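Listed below are the residues making up each chain.
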Amino acid sequence: MEQKQTINFGAGPAKLPQSVLLQAQKELLNFSSTGISVLEMSHRSSDFNKIINKTVNLLRELLNIPDNYKVMFLQGGGSGQFSAVPLNLIGLKEDRCADYLVTGTWSAKAAKEAEKYGKVNIVHPKLDCYTKIPDSSSWTLNPSASYVYYCCNETVHGVEYNFTPETNGVVLVSDMSSNFLSRPVDVSKHGLIFAGAQKNVGCAGVTVVIVREDLLGHALKECPIVLDYKVQAEMNSLYNTPPCFSIYIMGLVLEWIKNNGGSAAMETLNKQKSSMIYDIINASNGFYVCPVDVACRSRMNVPFRVGKKEGDDALEKKFLDGASKRGMISLKGHRSVGGIRASLYNAVTLEDTEALAAYMREFQKEHQ
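Thresholds applied
Residues numbered from 1 in each chain as written. Predicted model: local features only at pLDDT ≥ 70, side-chain atom pairs only at ≥ 80, totals over all residues. Heavy atoms only, no water. Pairing = 2+ DSSP bridges. Helix = DSSP H or I, 4+ residues; strand = E, 2+ residues; numbered from the N terminus. Axes fitted to C-alpha atoms, helices over the stretch in contact; angles between N-to-C directions. Contact = heavy atoms within 4.5 Å. Salt bridge = Lys/Arg side-chain N within 4 Å of Asp/Glu carboxyl O. Buried < 20%, exposed > 50% of the residue type's maximum accessible area, 1.4 Å probe, protein only. Polar contact = N/O pair within 3.5 Å; in protein donor to acceptor, adjacent residues only side chain to side chain.

Draft legend 1. Seen up close, the sheet that holds strand 8 (residues 171-175). With mixed pairing, seven strands are arranged side by side in an open sheet as 2-10-9-8-5-3-4. Here the strands that pair on one side only, and so sit at the sheet edges, are strand 2 (69-74) and strand 4 (119-122). The average undirected angle you get between the axes of adjacent strands in this sheet is 20°. With five bridges connecting them, strand 5 (residues 147-151) and strand 8 associate as parallel partners. Directly across from V148, in strand 8, lies its bridge partner L172. Docked against the sheet, helix 4 (residues 105-114) engages strand 3 (97-100), strand 4, strand 5 and strand 8, running at close to 145° with respect to strand 5.

Structure (structure tokens):
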């Protein structure tokens, strides 16, 4: 019996392009005629050096990264950067303070972690629930802040910035873990961008950090050496053994993005996919409800409730069971918010999204 196709709507680790998995499979035992696997290759070898340099160069090309920025591949995930960012940057100015925009779970965690290393100012009135981005007219930015921090796409709540915050000259830092390379981005407007690879650009284990050179060398003395950007940049991310296989996989995914038209083509595709799902939600007469303000609805993570505004538990369970029978997995909302969440990262195809859309229409017809 032929196995039915599985469609993975997971929030990360997430679906990888089929061609990437097949290439990794093909090269697993013998990479590029070396006679060994990337999994067993020395990170100091010339073969691995080619892999890491190719991956850096693809990133530079795909994001038009200016020459005065360093690209690093670090470990510890986005959460590691919640510590690394203040440890490296909060000492840029003598007040040791930073401005944070808190629009969801991940920016809230980042702000809490940064409090260990300096003074944190939340620049807008506290939100009762994470369903909108406060109007920039309500922000109180501190001109003596070392940096302004925001999370470009909140994976849990489905809130995404469709603009770059204006900081009046203060260094801008962005966590782009869940929308990295899903659309073009102006790197030059940011002092630092970081992103865990396991959503749009690879598998778990490697975190990309892109940082402007003048921001290196300001780490607090308490900064662990593996998180010190200056050390890692000088050593081409090889201060210690990097996550070699994850870097190799990321290189394959970046090649796939390039061959499929780059970040602009990804943006077009992601707009199509997310619109398809939001259109069904909007036209469902309240059967499906997305709590997020229309202006900042995420193209990456579409959260919704079924049956009514606060969700009908029995109906949502039925929805998930039916989806699972059709081979659609990982549609359950984050445990902190419940409901349903469809993550539509780069590797999720139009066909995958159409399958979900068809199921949503069918389910609504049956239960409304």
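Draft legend 2. Geometry of the pattern of salt bridges. Per the counting criterion, the structure on display carries twelve salt bridges. Residue R305 pairs with E316 through a salt bridge whose shortest N-O separation is 2.9 Å. In this pair, R305 sits in strand 12 (residues 301-306) while E316 sits in helix 8 (residues 313-325), placing the two residues eleven residues apart along the sequence. Like R305, the residue E316 is buried in the burial classification.

Draft legend 3. Representation of the side chain of D175 in the model. Along the polypeptide, D175 turns up in strand 8. Within the structure, the side chain of D175 is placed 2.8 Å from the side chain of S177, a separation counted as a polar contact. Setting aside chain neighbours within four positions, we find D175 in contact with F82, W106, Y149, Y150, C151, C152, N153 and F194.

Draft legend 4. Structural context of the environment of V302. Take V302: it is sitting in strand 12. Sequence-distant contacts of V302, that is, excluding residues within four places in its chain, are made with I277, Y278, I281, I340, R341, A342 and L344.

Draft legend 5. Local environment of the side chain of S284. One can find S284 in the loop between helix 7 (262-282) and strand 11 (288-289). With residues near it in sequence (within four places) discarded, S284 still touches Q364 and Q368.

Honestly, it's all geometry; don't read function into it.
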